[in-house]
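Descriptive analysis of the structure
Chain by chain, the residues run as shown.
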Amino acid sequence: FNEFLAALYQNDPELSQSYKAALMLKEQAMGMNMHQNKGLKRVNQLFSTTAKFLSEPEGPRIAALELSGWDTHANQGLKGGLLDRNLEVLARGLKTLKSGFSKNNWKKTVVVVATEFGRTAAPNGNKGTDHGTAGATLLYGGSVRGGKVLADWPGLGEAKLFEGRDLRPTLDTRQILKGILAHQFDLAPKVLNEEVFPDSGAISALSNLMKS
């Protein structure tokens, strides 16, 4: 797939340069161990480099980063545990990302932090949690109308759990992403419903997520 994209973009200087930059970021992210000092430095470097690319006048407008190590099936822990340490690494990375933008560019920026899947509401026998359903999405950036939690909290009572084990989802992540894309890129509902997220007309965008 990478070879196909390289061949596709090779005659376009702008796209070719952006693609090479994306490959470099991917290489930096590969093999990252967030639980070692070397890994911490590499995570910060990844966020710092991303901010640099996005801040360039002719640079990309969107970047996607992936951090592994969140599959906490064992020894998830509380304070000082695996999850706690991962969240600290993420927080430091986001702070590094912000510091790489000018004040003006940060005002126009939104960062979406999302998970591929949630965790079970109850711990397993290995002092961890297994794959679940609902999770949390964090919005961060100067363009975000922040300072609030948007959720219809379903509760953790046994009768309230999804399939008796998971936190029940109350929002579709596409609602959040539609609200962001509509604001940041002025995309019409038709485009969002048919092209960005095909056959998603029944899922409406969340409003008032972003500053006007």
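Residues numbered from 1 in each chain as written. Predicted model: local features only at pLDDT ≥ 70, side-chain atom pairs only at ≥ 80, totals over all residues. Heavy atoms only, no water.

So, about the overall build of the protein. Along the backbone of the protein there are seven helices and two strands. Secondary structure elements in the protein, listed N-terminal to C-terminal, are α-α-α-α-α-β-β-α-α. The long-range fraction of contacts in the protein, counting pairs at least 24 apart against all pairs at least 6 apart in sequence, stands at 58%. Carbon together with sulfur atoms contributes 54% to the accessible area of the protein, which is approximately 14200 Å² in total. (Helix = DSSP H or I, 4+ residues; strand = E, 2+ residues; numbered from the N terminus. Contact = heavy atoms within 4.5 Å. Areas by Shrake-Rupley, 256 points an atom, 1.4 Å probe, with all protein chains shown as cover.)

Now for unusual backbone geometry. At D186, a residue that is not glycine, the phi angle is positive and equals roughly 55 degrees. Structurally, D186 is set in the loop between α6 (173–185) and α7 (189–196). Phi angles above zero are rare outside glycine, and D199 is one such case at about 55 degrees.

Attention shifts here to the packing of aromatic side chains. Taken as a whole and judged by the stated rule, the model has two aromatic pairs. Each ring, one from F101 and one from W106, has its centre 5.6 Å from the other, and the planes form 50 degrees; the classification is tilted. The same class applies to F101 and to W106, which are both buried. On the numbers, 5.2 Å between centres and 65 degrees between planes, the contact of W106 with Y140 is edge-to-face. (Phe/Tyr/Trp six-rings, centres within 6.5 Å; stacked < 30°, edge-to-face > 60°. Buried < 20%, exposed > 50% of the residue type's maximum accessible area, 1.4 Å probe, protein only.)

To continue, consider helix α4 (residues 82–99). The terminal C-alpha atoms of α4 lie 26 Å apart, and with 18 residues this matches the ideal 26 Å at 1.5 Å per residue to within 8%. Listing the buried residues of α4 in full gives L82, N86, V89, L90, G93, L94 and L97. Mapping the buried residues of α4 onto a view down its axis gives an arc of 135 degrees, with all of them on the same face. Pointing more than 90 degrees away from the buried face of α4 are the exposed residues K95 and S99. (Expected span 1.5 Å × (residues − 1). Arc of directions from axis to C-beta.)

Turning next to the nonpolar core. In terms of nonpolar packing, the biggest core is built from 13 residues, with F47, L67, L90, L94, L97 and V111 touching the most fellow members. At the level of elements, α3 (37–55), α4 and β1 (111–113) are the ones that each hand at least two residues to this core. Beyond its immediate stretch of four places on either side in the chain, V111 contacts L94, L97, W106, L138, L139 and Y140. Residues V110, V144, I176 and L209 belong to the second largest nonpolar core, which totals six residues. (Core = buried A, V, L, I, M, F, W, Y, C linked by side-chain atoms within 4.5 Å.)

Inspection of every chain in the model, using the stated rule, returns six salt bridges. In this structure, the salt-bridge partner of E194 is K190, at a minimum N-O distance of 3.1 Å. One end of the pair is E194 and the other is K190, both in helix α7 and four residues apart, which spans about a single turn. Relative accessible area serves as the criterion here: at 48%, E194 is assigned to the partly exposed category. On the basis of relative accessible area, K190 is assigned to the exposed category, the value being 56%. (Salt bridge = Lys/Arg side-chain N within 4 Å of Asp/Glu carboxyl O.)

Here the focus is the packing of α6 against α7. Between α6 and α7, whose axes approach to 10 Å, the crossing angle comes to 125 degrees. Classified by the interaxial angle, the pair formed by α6 and α7 is oblique. Crossing of α6 against α7: the hand is right-handed. Mapping the contact onto sequence places K178, L181 and A182 in α6 and L192, N193 and V196 in α7. Here the contact of α6 with α7 is composed, by residue class, of four nonpolar, one polar and one charged. (Axes fitted to C-alpha atoms, helices over the stretch in contact; angles between N-to-C directions. Parallel < 35°, antiparallel > 145°, perpendicular 65-115°, else oblique. Left-handed = near helix turned anticlockwise from the far one by under 90°. Nonpolar A, V, L, I, M, F, W, Y, C, P; charged D, E, K, R; others polar.)

Moving on: the side chain of T129. Note on placement: T129 falls in the loop between β1 and β2 (138–140). Of note is the side chain of T129, whose polar atom sits 2.5 Å from the side chain of Q76. Each residue touching T129, except ones within four places of it in the same chain, is listed here: T72, H73, Q76, R119, T120, A122, P123 and N124. (Polar contact = N/O pair within 3.5 Å; in protein donor to acceptor, adjacent residues only side chain to side chain.)

Here the focus is a positive patch on the surface. A cluster of basic residues, K103, K107, R145, K148 and K211, forms a positive patch at the surface. Its location among the elements puts K211 in the segment after α7. Judged by its relative accessible area of 44%, K211 is partly exposed. (Patch = residues over 30% accessible without salt bridge, like charges linked within 9 Å, V, L, I, M, F, W, Y side chains within 5 Å. Lys, Arg positive; Asp, Glu negative; His and termini not counted. Charge placed at Lys NZ, Arg CZ, Asp CG, Glu CD.)

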